[in-house]
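Listed below are the residues making up each chain.
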Amino acid sequence: MEDLEEFERDGDRYRFDERHLVVTPAKSYAAGVPAVLVSLRRGMEQMGATRTARTLLKLNQPDGFDCPGCAWPETPGHRKQAEFCENGAKAVAEEATTRRVGPEFFAAHPISELLRQTDYWLGQQGRLTHPMVRWPGSNHYEPIDWQGAFELIAGKLRTLPSPDQAVFYTSGRTSNEAAFLYQLLVRSYGTNNLPDCSNMCHESSGTALTQTIGIGKGSVSVTDLESADLILVVGQNPGTNHPRMLSVLEKSKANGARVIAVNPLPEAGLLRFKDPQRLHGVLGDGVVIADEFLQIRIGGDQALFQGLAKLLLEAEDRNPGTVLDRAFIDSSCAGFEEYRAHIRGLDLRKVVEATGLTSAQLEGTARALIDSKRTIICWAMGLTQHVHGVATIQDAVSLLLMRGMIGKRGAGVCPVRGHSNVQGDRTMGVWEKMPERFLAALDAEFGIESPRAHGLDAVDSIRAMRDGKVSVFVGMGGNFAAAMSDTEVTEAALRSCALTVQVSTKLSRSHLVHGRTALILPSLGRTDTDIQETGKQRVSVEDSMSMVHLSRGSLPPAGPQLRSEVAIVCGLAQVLLGAGHPVPWGEFMKDYDRIRDSISRVVPGFANFNSRVRQPDGFELPHPPRDERRFDTATGKANFVVNELRWVPVPPGRLILQTMRSHDQYNTTIYGLDDRYRGVKGGRRVLFIALEDIAALGFAAGDRVDLVSHWTEADGGSRERRAENFRLVPYSTPAGNVAAYYPETNPLIPLDHVADQSNTPVSKAIPIRLERRP
Ligand SMILES: Nc1nc2c(c(=O)[nH]1)N[C@H]1C(S)=C(S)[C@@H](COP(=O)(O)OP(=O)(O)OC[C@H]3O[C@@H](n4cnc5c(=O)[nH]c(N)nc54)[C@H](O)[C@@H]3O)O[C@H]1N2
Ligand SMILES: Nc1nc2c(c(=O)[nH]1)N[C@H]1C(S)=C(S)[C@@H](COP(=O)(O)OP(=O)(O)OC[C@H]3O[C@@H](n4cnc5c(=O)[nH]c(N)nc54)[C@H](O)[C@@H]3O)O[C@H]1N2
Ligand SMILES: [Mo]
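Residues numbered from 1 in each chain as written. Chains lettered and ligands numbered in written order. Predicted model: local features only at pLDDT ≥ 70, side-chain atom pairs only at ≥ 80, totals over all residues. Heavy atoms only, no water.

**Q** Sorry if this is basic, but what is going on with the overall build of the chain here?
**A** Each helix and strand in the chain was counted, giving 33 helices and 34 strands. In terms of overall dimensions, the chain is globule-like: its C-alpha atoms have a radius of gyration of 25 Å, near the 28 Å expected for 774 residues. Overall, the C-alpha framework of the chain stretches about 75 × 65 × 60 Å when taken along its three principal axes. Counting all 774 residues of the chain, 64% fall into the buried class. Nonlocal contacts in the chain, meaning residues at least 24 apart in sequence, comprise 78% of its contacts between residues at least 6 apart. For the chain, the exposed surface amounts to about 26700 Å²; the carbon and sulfur share of it is 51%. Across the chain, the 88 positively charged side chains and the 92 negatively charged ones have centroids separated by 2 Å. (Helix = DSSP H or I, 4+ residues; strand = E, 2+ residues; numbered from the N terminus. Rg over C-alpha atoms; globule rule 2.2 N^0.38 Å. Buried < 20%, exposed > 50% of the residue type's maximum accessible area, 1.4 Å probe, protein only. Contact = heavy atoms within 4.5 Å. Areas by Shrake-Rupley, 256 points an atom, 1.4 Å probe, with all protein chains shown as cover. Lys, Arg positive; Asp, Glu negative; His and termini not counted. Charge placed at Lys NZ, Arg CZ, Asp CG, Glu CD.)

**Q** So what exactly am I meant to see when it comes to the pattern of salt bridges here?
**A** Opposite charge on two side chains permits pairing when their charged atoms draw close. Inspection of the entire model under this criterion finds 47 salt bridges. Of the charged contacts, one joins Arg466 and Asp467 as a salt bridge, the two residues approaching to 3.0 Å between their closest N and O atoms. A relative accessible area of 45% means that Arg466 is categorised as partly exposed. A cluster of three or more residues bridged by salt bridges with shared partners is formed by Asp706, Glu720, Arg722, Arg769, Glu771 and Arg773. (Salt bridge = Lys/Arg side-chain N within 4 Å of Asp/Glu carboxyl O.)

**Q** Sorry if this is basic, but what is going on with the side chain of Glu203 here?
**A** Inspection of the secondary structure puts Glu203 in helix 10 (residues 203-213). Using a relative accessible area of 5% as the deciding quantity, one classes Glu203 as buried. Among the polar contacts listed, one links the side chain of Glu203 to the side chain of Asn199, at a separation of 2.8 Å. In contact with Glu203, other than residues within four places in its own chain, are Ser198, Arg426, Trp431, Ser758 and Thr760. (Polar contact = N/O pair within 3.5 Å; in protein donor to acceptor, adjacent residues only side chain to side chain.)

**Q** Looking at this structure, how should I read the pairing of strand 17 (residues 472-476)?
**A** In regular strands, side chains alternate between the two faces of the sheet. Counting buried residues along strand 17, 5 of its 5 residues qualify, which places the element largely inside the surrounding structure. Here strand 17 shows a buried face lined by Val472, Val474 and Met476 and a second buried face lined by Phe473 and Gly475. In this structure, strand 8 (residues 166-170) lies alongside strand 17, joined through 5 bridges in parallel fashion. Across the sheet, residue Thr170 finds its bridge partner in strand 17, namely Met476. (Pairing = 2+ DSSP bridges.)

**Q** Even after reading the chapter, I still don't get the sheet that holds strand 6 (residues 132-134), so can you show me in this structure?
**A** Sheet strands pair by backbone hydrogen bonding; their relative direction is either parallel or antiparallel. Sheet architecture is open: 6 strands sit in the order 7-6-19-18-17-8, paired in mixed fashion. For this open sheet the edge positions go to strand 7 (142-143) and strand 8, each flanked by a neighbour on one side alone. Pairing of strand 18 (residues 499-504) with strand 19 (residues 517-522), which is carried by 6 bridges, proceeds in the parallel orientation. From the neighbouring strand, Thr500 faces strand 19, where its bridge partner is Ala518. Here helix 8 (residues 146-159) sits on the sheet in contact with strand 6, strand 8, strand 17, strand 18 and strand 19, set at roughly 135° to strand 19. (Axes fitted to C-alpha atoms, helices over the stretch in contact; angles between N-to-C directions.)

**Q** Can you walk me through the site of ligand 2 in this structure?
**A** Surrounding ligand 2, one finds 32 residues, the nearest of these being Tyr169, Ser171, Glu565, Thr668 and Asn746. Take Ser171: an N or O atom from its side chain is 2.7 Å from an oxygen atom of ligand 2. One of the backbone N or O atoms of Ala483 is found 2.8 Å from a nitrogen atom in ligand 2. Relative to its unbound accessible area of 940 Å², ligand 2 is 96% covered by the protein chains. For the shell around ligand 2, the residue count by class is 10 nonpolar, 17 polar and 5 charged. (Near = heavy atom within 4 Å. Nonpolar A, V, L, I, M, F, W, Y, C, P; charged D, E, K, R; others polar.)

**Q** Before we go on, may I ask you to explain unusual backbone geometry in this structure?
**A** For residues besides glycine, phi is generally negative; the peptide bonds are generally trans as well. Here the bond from Tyr742 into Pro743 is cis, since omega is 5°, no more than 30 degrees from zero. Among the structural elements, Pro743 can be located in the loop between strand 33 (737-741) and strand 34 (766-772). Unusually for a residue other than glycine, Ser546 sits at a positive phi of about 65°. The residue Ser546 is located in the loop between strand 22 (539-542) and strand 23 (547-551) in this model. With a phi close to 50°, Asn667 is a non-glycine residue in the positive phi region. With respect to the helices and strands, Asn667 occurs in the loop between strand 27 (665-666) and strand 28 (669-670).

**Q** What should I look at first to understand the confidence of the model for the chain in this one?
**A** If pLDDT is low for a region, its predicted coordinates should not be looked at in detail. With 91% of its residues at a pLDDT of 70 or more, the chain shows a mean pLDDT of 92. Counted against residues more than four places away or in other chains, residues 1-19, with its pLDDT under 50, gives 41 contacts. In this model residues 279-283 is a low-confidence stretch, pLDDT under 50, and it forms 10 contacts with partners more than four residues away in sequence or in other chains. (pLDDT = per-residue confidence, 0-100.)

**Q** Before we go on, may I ask you to explain the site of ligand 1 in this structure?
**A** Inspection of the region around ligand 1 gives 32 residues, with Asn263, Glu267, Gly299, Asp301 and Asn667 positioned closest. With respect to ligand 1, the backbone of Thr240 contributes an N or O atom lying 3.2 Å from a nitrogen atom. Interatomic distance of 2.8 Å between a side-chain N/O atom of Arg661 and an oxygen atom of ligand 1. When ligand 1 is considered free in solution it has 920 Å² of accessible area, and contact with the protein chains removes 99% of it. Of all the secondary-structure elements, those providing two or more residues to the shell around ligand 1 are helix 12 (238-241), helix 21 (381-384), strand 26 (655-660) and strand 27. Partitioned by chemical class, the residues of the shell around ligand 1 number 12 nonpolar, 16 polar and 4 charged.

**Q** Quick question: what am I supposed to make of the packing of helix 24 (residues 436-446) against helix 30 (residues 592-602) here?
**A** Helix packing for two helices is described by the angle between their axes and how far apart those axes are. In contact at an axis separation of 9 Å, helix 24 and helix 30 are set at 135° when each is read in the N-to-C sense. Judged by the inter-axis angle, helix 24 sits oblique to helix 30. When the axes of helix 24 and helix 30 are compared, the crossing they make is right-handed. Two secondary-structure elements touch here, helix 24 through Phe438, Ala441, Leu442, Glu445 and Phe446 and helix 30 through Ser598, Arg601 and Val602. (Parallel < 35°, antiparallel > 145°, perpendicular 65-115°, else oblique. Left-handed = near helix turned anticlockwise from the far one by under 90°.)

**Q** I would appreciate a short explanation of helix 28 (residues 565-577) in the present structure.
**A** Side chains three or four residues apart in an α-helix point the same way, a direct result of the helix having 3.6 residues per turn. For helix 28, built from 13 residues, the straight-helix expectation of 18 Å at 1.5 Å per residue is met to within 8% by its first-to-last C-alpha distance of 18 Å. Among the 13 residues of helix 28, 12 are classified as buried, and the element is accordingly described as predominantly covered. Every buried residue of helix 28 is accounted for by Glu565, Val566, Ala567, Ile568, Val569, Cys570, Gly571, Leu572, Ala573, Val575, Leu576 and Leu577. Trailing helix 28 by a residue or two, Gly578 shows a phi angle of about 85°, which is positive. (Expected span 1.5 Å × (residues − 1).)

**Q** Would you take a moment to explain the environment of Met660 for this structure?
**A** Assignment of secondary structure puts Met660 in strand 26. The class for Met660 is buried, based on a relative accessible area of 6%. For Met660 and Arg526, which are 134 residues apart along the polypeptide, the C-alpha to C-alpha distance reads 25 Å. Among residues more than four places away in sequence, those in contact with Met660 are Leu265, Gln665, Arg678, Phe688, Ala739, Ala740, Tyr741, Tyr742 and Lys764.

**Q** Explain the pairing of strand 9 (residues 230-234) here, please?
**A** The buried count for strand 9 comes to 5 of 5 residues, which makes it a mostly enclosed element. Two elements, strand 9 and strand 10 (residues 258-262), share 5 bridges in a ladder whose sense is parallel. Note on strand 10: the bridge partner recorded for Leu232 is Ile260. Relative to strand 15 (residues 375-379), strand 9 is paired through 5 bridges, and the arrangement is parallel. Within the sheet, the bridge partner assigned to Val233 lies in strand 15 and is Cys378.

**Q** How should I be thinking about the packing of aromatic side chains in this particular structure?
**A** Centre-to-centre distance and the angle between the planes together describe a pair of aromatic rings. By the definition in use, this model includes 19 aromatic pairs. Plain terms: the ring middles of Phe446 and Phe588 are 6.1 Å apart, the flat faces sit at 85° to each other, and that makes the pair edge-to-face. With a gap of 142 residues between them, Phe446 in helix 24 and Phe588 in helix 29 (residues 585-590) connect regions that are remote in the sequence. For the residue pair Phe446 and Phe588, the accessibility class agrees, reading buried in each case. Linked through ring pairs, Phe105, Phe106, Trp121 and Tyr141 together constitute an aromatic cluster. Above the ring of Tyr666, the side-chain terminus of Arg173 is found at 5.0 Å from the ring centroid. (Phe/Tyr/Trp six-rings, centres within 6.5 Å; stacked < 30°, edge-to-face > 60°. Lys NZ or Arg CZ within 6 Å of the ring centre and 35° of its normal.)

Structure, rendered in structure tokens:
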């Protein structure tokens, strides 16, 4: 406790360093007045008053643009005048900024100097305005015209011995139309190497759900959430990452739902929420969102789901016919007997050990499940980014299947997606292993022959570059260098490429960690007006709940040189594939309706795309389990999967680190240096750690440490990875479990530390030790 007193020496402020970091006790509620003020302030700083008002009023409106923030849906038919949140406003301000990065900027700043700047500084410089090239040996980017850029890329791609020596990355902001054309270009060229940000994100969800229910997408809508009576929010921090979800949860609660939060950290938005768009939110204490908070150990969720299943089976034994939905299991599921036998053999003491929860908490949660008629489980990165992420999600599904909680109102699975169109990009074919029926339809529509061999995902792309098997990287958005695990290995891999190409809106580290030749191609963003030969164009996106709708930007573009992603893809395709290519690239570029016509013939669920997407709220894609309890799996039924129980014990003298987002960032884009809800101001290099661990390891609060991870490589050798100079911040987290922000911690994650089956980097369970800094 001496530590704490030392630490609290300035009233309720923990002031480590007079000039920088200030830590105050974490907030127990999210949003409220500060949120409104922050959204307006960020807007004014980046774009001034008129542009702020004009832009924010168009956000998520039927005739406006889709928020470039998260993938949370709008409530159909009930849009508020301001249908956005603080963090959506920050995402917009970041894109709609009036600051510019043009040729003069690059002439003034050599690459070696830019490399020393933080991600925050880079992002603050403004929108990219010109295509730029970095020639071999040069320390500067210099202007190049579009035709020259396309010829450079096409020339390089044509000389590769095999198209499989190039990879084409996508981040989830790309529109449906651009994504569809991009994968068409890549497959026409001859490879399935289409890694995307999903590989690092919800891949485990897609894999688990496809095997269990036959479709890799969530099965619930906003209306379902509002009519559920029990909602589990597991491994997710909606107050920061999906703030508009809190308004929906508030409504669910008003309708009588119970919410159980499962998280190692007591995240502000889960505990209490003040809706800034409602009077009580601005004036009062807000509403309590989570009725129950289960402070689980990192990686303990599979044990939780299996333990709850066991308690359900025991309750069924005591009162047969009251817990299981036998009719549903018998008619629609496969594998229940094996699953039941496996769960019966589970030792509940292991569950207590793995989760760190009490038997009373487990029993209380089981009771809540048994009493519920309509249960939904929501989750995000706290489940997916684990070695056993796929198994964990399958066990969550089994828990729902036992009680028939899918394909009925108010019940189902809700993986909450990240990027605003990450789900749509997948639907459009951005995936390294699209199924045969998609490829066959694509070939039939265009008279091309798509390759069939599966391509490389994100982790395998880096491995291939490292091993000299890939030498061209093209990024459609995103910041691959900073977002990927194992920073040192990733950066060396990218630097070994002959050519790297980034289609971007803002400057990022990926422009500075480049191949021998490098290109930056500036593109329009969601907020920008997109004018082509036939006039103003709109694009479409798909949200986390399979609603497809239009988005139209309204701001003047950052400069005359910017091109839309569609135009960039078509321009490159024309040069690379030549005039005789069967795809009408020129027509597509002139009129995006033409692209949608093709999509309607290739992608299931998009019939009459152009007319249906023009309805005010767009349209909902089919989802067989939700719509008709049909399961398109290998067995033709919903599958119970037997998974051995795994969890993440803390090795002696070590800690388990999870890497997460602060309230002031969008992935690798850093908006500011504060994490308001967690009480951190003015710095990001902090380690949230339990007081008892600080003491047990012989440190004091506020100490500076290096984080060191150990890993035994495939060849048996062991290697240390290091992230330097973090300060210890006492925080409510289970003993042995610590947390810090990404991307600063990516150097600690070994490339081979990946989830089983989904190959997702394990960003939420990295064994580390602390080393005192001199
Ligand atoms: N403002 C803003 N919005 C965003 C983003 C952003 O960066 N900024 N990113 C977008 C993207 S791409 C995504 S994928 C989503 C991410 O949304 P989240 O998944 O909410 O993001 P993280 O910050 O990674 O938070 C993970 C949460 O899981 C918890 N957690 C960690 N390990 C475990 C565990 O083992 N078990 C359990 N039960 N919980 C655990 C953490 O404490 C944290 O609350 O947000 C999207 N929206
Ligand atoms: N340690 C750790 N690592 C992680 C995670 C974690 O939780 N922990 N999370 C993972 C997850 S969930 C994800 S999704 C990935 C994110 O990985 P990415 O999606 O690759 O990263 P972002 O930071 O979202 O990309 C931001 C860049 O995209 C560009 N951009 C923005 N808007 C547009 C646009 O409209 N068009 C184009 N062409 N470019 C645009 C800008 O130049 C900006 O610099 O990171 C993953 N990495
Ligand atoms: Mo994500």
